Amino acid sequence: MASTESQIKESDALKLQGNQAFGRKEFTAAHSFYTQAISLTPTSPALYSNRSAALLSMNKLPLALNDANRATELNPAWSKAYRRKASVLDAMGKYAEAKEVYAKAKEVGLAEVPPDGREKVEAEIKRLVEAIDKKIEAQVKEDTSSNVQIEEQTVGHLVMKEFDRRVSSGEPVGQWPPSGSCLRRIWVAEMQFQNALHSLNQFTEGQVPGAAPGTRAIFGRVQTLEELTTAILEDIRVARFDNVSLDKIRMCYALEQQQRNAIGPNLSPKDTIAAYNRRLAQARVQGIDPAGGWNSVRPALQLSIRTALMNGCIKMGLDEPGSDEPEFRRSVDLIEEARRVWSTVDGAIRGRTLEETFLRGVKVLLAEALIKSYNHNPTSPTDQKKKLADIKAIADWVIDSFNRNPRPPESERRQGFMGDDAWWNIYYAHYATPLAKAYSFRGFVFAHTGLQVDIDRKEEMCCAAAKEYITAAGWMSVDEPERSNNLWNAIFAMCSSEAYYHKEDFRVLADMARGSSQWFDDYFLSHRNLPEHIGTTALKDVLTSEWYPDEKEDADVMVKLLRDVWKERVTKYGEKEEAVGGMEIWGKLDERLRTGLEEKIGWT
């Protein structure tokens, strides 16, 4: 439907405001104005081109490319749209593609102008292409090892590839992956990670211009470490580093350390925070910082916390169980000690790394490191029990923190870069997902405790484990592979408890676990052709054994836990049913099994 005259007029006014904000280098505001204008006149190539420029300035390169592509689609005969697209490809380091698009811009541009203006067009494009050729030449001169690229098809790569295909076919940005899905979380994380990798790849070490020969320094974008760790906390599955990236990270550490004067890992977390507190006190006495010293201490403190976090993520990727645990623990201890010491300081002053949601994400990584160490690096029984106690303490804290603060602040739910959608992205990534993992952690603790205790407590602990695993599955996205794993773990715990359950209950949980693959196989390739789960083996034994008579009608119906979680997510936390997906999952099960269970629990 064509825009009305009043819509066009309002859109033009918003565009002007966007241009003015862009001129002031207020890129986020400019993006907001352009987005509002696009909602009124969605077929304007100029608005998409302008918003692409704002996104490029915000270093949101994949989204900038999407808007540039849209501008060329809306007006294939407009050279500026191709130049915009080429500039984004240039920023992404896709030099060959950028040169091809500049050639198209030249072709279209020559057709746009009269004969006497063609020389200027050719000269401008030639200058831009020569600049790219110099970058290619400089790249070739580097050590060939620096050109190693990670080519494997990670889930992030696959999601972005599908996203690009859909946008190219005209689907609005943000419509896919759907809100609340695991793929949406990965899509957001992958965009952030690609931007961070782009910044990381710019790090170089070389001669300082204008200085004496041999005077060398590191050049790069400060805040790159913040960008990397932010993306990883969104979803760690997007993290990937080759040897070149690791070298660049070392440069990043060195440059940020030099500029921020952070306290190194030689002090304990408690002593580190005490040292930063002394810096604050000294800054207050000197009175040179209107923020009481926080303007200088905050960046250094964040570097200390994020460096430990980044080291843990790198070691986790090296698949050496136990090596990542000390780094994650240091990051957690630094945050907790800082939150204790500065509990009365406003959160906006203390910074993002001391927020509860940030601590939540780091604690989840620590718990995962402890589980991997427990499974692959068994030590003494005493140490193993301590690991289980630590995992449970983390899980209990995450669940308690969610119950105290279950949603992002309503003040953050305002129209802007992605509007209300951004608020839900935060909710799913930093509230619902850590909660699901926490229940899974408690299931792990109860299950492993139950397998070690005497026969009387075995039933109690294994039943508790099954309930925790099922609750975790209920909080997970429909397309989250770990949902299937939690259901199988629940079945294994139920079987191990030797308590009575309804056989329909077993079969329905198993059907949901088996059916999970339909939601994620195309993306989570590593989950294909996995060896048989311990839950499947245990289930076969139960369903074929004679010791399990289905005779206790008052036995717990474990599926009811899932139904209660799904219902609570909609009624209490305001999620949309299509995002929760519970009824869609339920509707795909065998009707006879569903009917039998619905009758047992009075399903409504």
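Predicted model, so just to flag it, every value in this text is computed and none were measured.

Quick notes on the rules
Residues numbered from 1 in each chain as written. Predicted model: local features only at pLDDT ≥ 70, side-chain atom pairs only at ≥ 80, totals over all residues. Heavy atoms only, no water. Helix = DSSP H or I, 4+ residues; strand = E, 2+ residues; numbered from the N terminus. Buried < 20%, exposed > 50% of the residue type's maximum accessible area, 1.4 Å probe, protein only. Contact = heavy atoms within 4.5 Å. Areas by Shrake-Rupley, 256 points an atom, 1.4 Å probe, with all protein chains shown as cover. Lys, Arg positive; Asp, Glu negative; His and termini not counted. Charge placed at Lys NZ, Arg CZ, Asp CG, Glu CD. Expected span 1.5 Å × (residues − 1). Arc of directions from axis to C-beta. UniProt positions renumbered as here; feature names shortened; annotations may be inferred. Core = buried A, V, L, I, M, F, W, Y, C linked by side-chain atoms within 4.5 Å. Phe/Tyr/Trp six-rings, centres within 6.5 Å; stacked < 30°, edge-to-face > 60°. Lys NZ or Arg CZ within 6 Å of the ring centre and 35° of its normal. Axes fitted to C-alpha atoms, helices over the stretch in contact; angles between N-to-C directions. Parallel < 35°, antiparallel > 145°, perpendicular 65-115°, else oblique. Left-handed = near helix turned anticlockwise from the far one by under 90°. Nonpolar A, V, L, I, M, F, W, Y, C, P; charged D, E, K, R; others polar.

Asker: Mind showing me how you'd approach the overall build of the chain here?
Answerer: Along the backbone of the chain there are 27 helices and 2 strands. Buried positions account for 50% of the 604 residues belonging to the chain. Counting only contacts in the chain whose residues sit at least 6 apart along the sequence, the fraction spanning at least 24 positions is 70%. Surface accessibility of the chain: about 28,900 Å² in total, with carbon and sulfur atoms responsible for 50%. On the chain, the mean spot of the 80 positive side-chain charges and the mean spot of the 88 negative ones are 5 Å from each other.

Asker: What's the story with helix 24 (residues 559-571) in this structure? I'm lost.
Answerer: Over its 13 residues, helix 24 extends 19 Å from the first C-alpha to the last, a length consistent with the 18 Å expected when each residue adds 1.5 Å. Taken together, the buried positions of helix 24 are V559, L562, R563, V565, W566 and R569. Seen end-on, helix 24 carries its buried residues on one side only, within an arc spanning 160 degrees.

Asker: Is there a simple way to think about the UniProt feature "domain: Serine/threonine-protein kinase BSK1-like TPR repeats" (unreviewed entry) in the chain in this case?
Answerer: Here, the residues flagged by UniProt with the feature "domain: Serine/threonine-protein kinase BSK1-like TPR repeats" (unreviewed entry) are residues 5-82. Taken end to end, residues 5-82 has its terminal C-alpha atoms 28 Å apart, with 82% of it in helix and 0% in strand.

Asker: Teacher, can you tell me more about the nonpolar core here?
Answerer: Side chains of a nonpolar character, in soluble globular proteins, are inclined to be buried together. In this structure, M310, W342, W475, L509 and M512 are the most contacted members of the largest nonpolar core, which totals 158 residues. Broken down by element, this core gets its largest block of residues, 15 residues, from helix 18 (residues 420-450). In terms of nonpolar packing, the next biggest core, distinct from the first, is built from 14 residues, Y34, L47, Y48 and A54 among them.

Asker: Got a minute to help me understand unusual backbone geometry in this structure?
Answerer: What you tend to see is this: most non-glycine residues have negative phi, and most peptide bonds are trans. With an omega dihedral of -5 degrees, the bond running from W176 to P177 counts as a cis peptide bond. Looking at where P177 falls in the secondary structure, it is placed in the loop between helix 8 (155-168) and helix 9 (182-201). Unlike most non-glycine residues, K25 shows phi in positive territory, near 65 degrees. Mapped onto the secondary structure, K25 falls in the loop between helix 1 (5-23) and helix 2 (27-40). According to the relative accessible area criterion, K25 is exposed, its value standing at 65%. Here N59, not a glycine, exhibits a phi torsion of approximately 65 degrees, which is positive. Mapping N59 onto the fold places it in the loop between helix 3 (45-57) and helix 4 (61-74).

Asker: Can you walk me through the packing of aromatic side chains in this structure?
Answerer: Geometrically, a pair of aromatic rings is defined through the distance of the ring centres and the angle of the planes. In this structure the tally under the stated criterion is 16 aromatic pairs. Ring geometry for F22 and F27: centres 5.2 Å apart, planes at 65 degrees, overall edge-to-face. The class of F22 is partly exposed, set by a relative accessible area of 28%. With a centroid separation of 5.4 Å and an interplanar angle of 55 degrees, the aromatic rings of F402 and Y573 are classed as tilted. Of the two residues, F402 is situated in helix 17 (residues 381-404) and Y573 in the loop between helix 24 and helix 25 (577-580); the sequence distance between them amounts to 171 residues. As far as burial versus exposure is concerned, F402 and Y573 are alike and both buried. Among the aromatic side chains, those forming a connected cluster through ring pairs are W423, W424, Y427, Y428 and Y431. Of note, R70 hangs over the ring of Y48, and the distance from its end group to the ring centre comes to 6.0 Å. Here K363 stacks its cationic end above the ring of W397, 4.2 Å away from the centre of that ring.

Asker: Just to check I follow, could you spell out the packing of helix 1 against helix 2 for this structure?
Answerer: Packed helices, taken two at a time, are described by the angle their axes make and the gap between the axes. At a minimum axis distance of 8 Å, the contact between helix 1 and helix 2 shows a crossing angle of 165 degrees. Relative to helix 2, the element helix 1 lies roughly antiparallel. As for the relative orientation of helix 1 and helix 2, their crossing is left-handed in sense. Residues Q7, E10, S11, L14, K15, Q17, G18, N19, A21 and F22 of helix 1 form the contact with helix 2, whose participating residues are F27, A29, A30, F33, Y34, Q36, A37 and L40. Here the contact of helix 1 with helix 2 is built from residues that sort into 10 nonpolar, 6 polar and 2 charged.

Asker: How do you make sense of the environment of F446 when you look at a structure like this?
Answerer: Topologically, F446 is positioned in helix 18. For F446, a relative accessible area of 15% puts it in the buried group. Separated by 21 residues in the primary sequence, F446 and K467 place their C-alpha atoms 10.0 Å from one another.

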